Amino acid sequence: MASRTLRSASKLHSICRSFGSTTCTRYAFAGPTPSSQIKRHLPLQRRSFSSSSPTSSPAATTMSTTDALIQAAQSRRTIYKLGKNSPVPDSKIEELVNAAILHVPSSFNTQSTRLVVLLHEEHDQLWDINIETFKGLVAAGTIPEQLFQNQTLPKLQGMKAGYGTILFYEDPAHIGPFQEKFAIYKDLFEPWAEHSNAMHQYFLWTGLQSLGFGANLQHYNPLIDTPVAQNWNIPTDWRLISQLIFGSNEEAAGEKVQKPVEERVKIFGKQ
Ligand SMILES: Cc1cc2nc3c(=O)[nH]c(=O)nc-3n(C[C@H](O)[C@H](O)[C@H](O)COP(=O)(O)O)c2cc1C
């Protein structure tokens, strides 16, 4: 019962986002954020590591890897305008996705995250399912026709214009036994699973960008959960968490507001 209430609250939230409430205009319906609401993105201030010897001492190797990691984090941005060209063979995408599954951590090593990768026609099919789902909402009177035509449909077609989508799931079957075994943490396993799932999302978002793709993260769940599960024979108890859409990068990232670092980081004992 509780989980049904949660699901319908989540569904309502998804539909609310679909109506384009002020807090989520870039989300299910999204047009670009008005430039009056954004400030110039200040480039990350980075320590230069390049003064160290280029010869390969372990420290130099570590610093160079750190530099690359920061660069990758800085380059990952939300890109909405995507195309169907790929900078790499599909095997590189598979390698990256497998690396996420193998190397992203999870609490107690539960490994409850599941990834479904849809490429080419399979990707197109996902976004056709999305479009059909929203048409159903219009027919039911849940979403005004004009809003759908002017905002939702162009956005969904924009997603379809991409190269692929990664669906992020959680498999609850791998959480229950841990909740029983470690009763003291019972209520924490689900949030921890979400944390781990988000780490997979971040790894793949950043990794796809490093391969030369653009990407954006969406949440059309739970609206599409059932038809997607049916279409790709996905276990019905897997919970869809998010969708990462990627494709050739057809626009520069928008400007981004950055709150001051000093307000968000406290360092003690720095020498
Ligand atoms: C947990 C999370 C959920 C997000 N959900 C959505 C979403 O549903 N739709 C969307 O368009 N963007 C979504 N985003 C993208 C954020 O709006 C975006 O990352 C943020 O504005 C910063 O911009 P950047 O990605 O270019 O750095 C989400 C991002 C995060 C981290």
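Placed above this text is the structure.
A brief structural summary. Everything numeric in this text was worked out from a predicted model, so none of it was measured.

**Regarding the overall build of the chain**
Along the backbone of the chain there are nine helices and five strands. Each of the 271 residues in the chain was classed as buried or not, and the buried ones make up 37%. For the chain, restricting intrachain contacts to residue pairs at least 6 apart in sequence, the fraction spanning at least 24 positions comes to 84%. Of the roughly 16,100 Å² of accessible surface on the chain, a fraction of 57% belongs to carbon and sulfur atoms.

**Description of the pairing of strand S4 (residues 213-218)**
The buried count for S4 comes to five of six residues, which makes it a mostly enclosed element. Two strands pair when backbone bridges link them, and S4 and strand S5 (residues 239-249) are joined in this way by six bridges, in the antiparallel orientation. Within S5, the position partnered with Gln-218 by the bridge is Gln-243.

**Regarding the side chain of Thr-206**
Structurally, the position occupied by Thr-206 is in helix H7 (residues 189-211). The class for Thr-206 is buried, based on a relative accessible area of 11%. Leaving out residues up to four positions away in the same chain, Thr-206 has contacts with Ala-72, Ala-73 and Arg-76.

Criteria and cut-off values
- Residues numbered from 1 in each chain as written.
- Predicted model: local features only at pLDDT ≥ 70, side-chain atom pairs only at ≥ 80, totals over all residues.
- Heavy atoms only, no water.
- Helix = DSSP H or I, 4+ residues; strand = E, 2+ residues; numbered from the N terminus.
- Buried < 20%, exposed > 50% of the residue type's maximum accessible area, 1.4 Å probe, protein only.
- Contact = heavy atoms within 4.5 Å.
- Areas by Shrake-Rupley, 256 points an atom, 1.4 Å probe, with all protein chains shown as cover.
- Pairing = 2+ DSSP bridges.

Don't take any of this as a statement about function, it's just geometry.
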